[in-house]
Amino acid sequence: MIGKRTLEACLICGLALPCAADSLARKPDADLVLPEIVVTPSRSSRDIQSEPSTAYRLSGSEAEARGARTMPAAIGGVPSVMVQKTAYGQASPFLRGFTGFRTLGMVDGVRLNNSVFRDGPNQYWSTVDPLSIRDYELVMGPASVMYGSDAVGGVLNALTIEPPDYDGAPAWERKILYRGATAERSNVGRLQLGGRPSEQLGFVAGVSLKDFGDLRGGQDVGRQEHTGYDEHDFDGKVNYRASENSLFTLAHQSVRQKDAWRTHRTVYGIDWEGLSSGDDKVHSYDQARDLTYARYLAGELAGPIHNIGLTLSRHRQGEDLY
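Rules and cut-offs
Residues numbered from 1 in each chain as written. Predicted model: local features only at pLDDT ≥ 70, side-chain atom pairs only at ≥ 80, totals over all residues. Heavy atoms only, no water. Helix = DSSP H or I, 4+ residues; strand = E, 2+ residues; numbered from the N terminus. Buried < 20%, exposed > 50% of the residue type's maximum accessible area, 1.4 Å probe, protein only. Contact = heavy atoms within 4.5 Å. Areas by Shrake-Rupley, 256 points an atom, 1.4 Å probe, with all protein chains shown as cover. Salt bridge = Lys/Arg side-chain N within 4 Å of Asp/Glu carboxyl O. Core = buried A, V, L, I, M, F, W, Y, C linked by side-chain atoms within 4.5 Å. pLDDT = per-residue confidence, 0-100.

**Some remarks on the overall build of the protein chain**
Scanning the protein chain from N- to C-terminus turns up four helices and 17 strands. Out of the 322 residues in the protein chain, the part that is buried amounts to 43%. If you take every contact in the protein chain between residues at least 6 apart in sequence, the share linking residues at least 24 apart comes to 60%. Roughly 16700 Å² of accessible area belongs to the protein chain as shown, and the carbon and sulfur atoms make up 56% of that amount.

As structure tokens, then:
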């Protein structure tokens, strides 16, 4: 059993907020097109063309449409990214040739990595539910000056779904998703509700239920035993805007994976091109991850500090190996 509890607090100055003067200067009926920016992976807002490292911003809805089962699978098509799948619930991305604790994953700017991450491919990035992610911000190349030695290959920040925008009246969003697949006999569903009852208050919450069966390969492979697993996830977020230039956020997410086998180490592995199966009769993981954080952002402050951000988080990960 491996588990870790952490409590993190950070103070970040210089966070860029939209300038009120710019919005007042433009015509009321004019369309405003903002440049694409990378925010948290570089610790400051930048035009993506000004970022010295290669950077990508990926849509969570596009990854959902492709049927990405895990967060690593969502970025699998990016140049210089290779995803190694030890098993279907245990994917690990290589960023510029590095993986394991040499690549940094974050959720809303809160570190996913911790001190018990092992060298080489591991399954921990797969404990982020891609159905709860709005966008992915990926910065390739070394970022150890900002984040430490676990950011040699690159940094990925998964930005979770936000409450709906206020458009002069209360707003509500409902989402029901179901996806089934016969090749793996899988069923994936999500229920999500978001609301903005007032300009100050907004919320969003979702539940994802996933049942993956054993994968059926081609004619020469057949059914691959013990490649399926079960997963259920919950995520929620509340935003409260106390004033025009301040925002308080409280968010939580939980992920539970049950009976995710590392099949190649067992007698159920498939011999292929000279490879041999393992000799374990059981090699199965139960994964658990819980993240809760509170964040306060304020801008256009009087005095030497113009903008301020404070985040307090509790991140717990655990695994059972059978």
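We are not done yet, so read on.
**Some points on the environment of Ala169**
Assignment of secondary structure puts Ala169 in the loop between strand S10 (154-160) and strand S11 (171-181). As a C-alpha pair, Ala169 and Pro197 span 28 residues in sequence and 7.8 Å in three-dimensional space.

**Concerning the pattern of salt bridges**
Going through the model one piece at a time under the given rule, you end up with 15 salt bridges. For Asp129, the salt bridge identified is with Arg190, shortest N-O distance 3.7 Å. One end of the pair, Asp129, is in the loop between strand S8 (110-111) and strand S9 (133-140); the other, Arg190, is in strand S12 (residues 186-196), with 61 residues separating them in the sequence. The two residues Asp129 and Arg190 agree in class, both being buried. Note that Arg256 and Asp290 form a salt bridge whose closest N and O atoms lie 2.9 Å from each other. Here Asp290 lies in strand S16 (residues 284-298) and Arg256 lies in strand S15 (residues 246-261), a separation of 34 residues in the sequence. Judged by its relative accessible area of 29%, Arg256 falls in the partly exposed class.

**Things to note about the nonpolar core**
Ranked by internal contacts, the top residues of the largest apolar core, which has 25 residues, are Met71 and Tyr136. Listed by contribution, the elements that provide at least two residues to this core are helix H3 (71-74), S9, S10 and S16. Top contributing element to this core by residue count: S9, with four residues. Those residues within four positions of Met71 in sequence are excluded, and the remaining contacts are Leu112, Trp125, Val128, Pro130, Tyr136, Leu156 and Ala158.

**Observations regarding the confidence of the model for the protein chain**
In the predicted model, the protein chain carries a mean pLDDT of 84, and the fraction of residues at 70 or more is 86%. Taken together, the stretch residues 1-28 has pLDDT below 50 and engages in 51 contacts with residues farther than four places along the chain or on a different chain.

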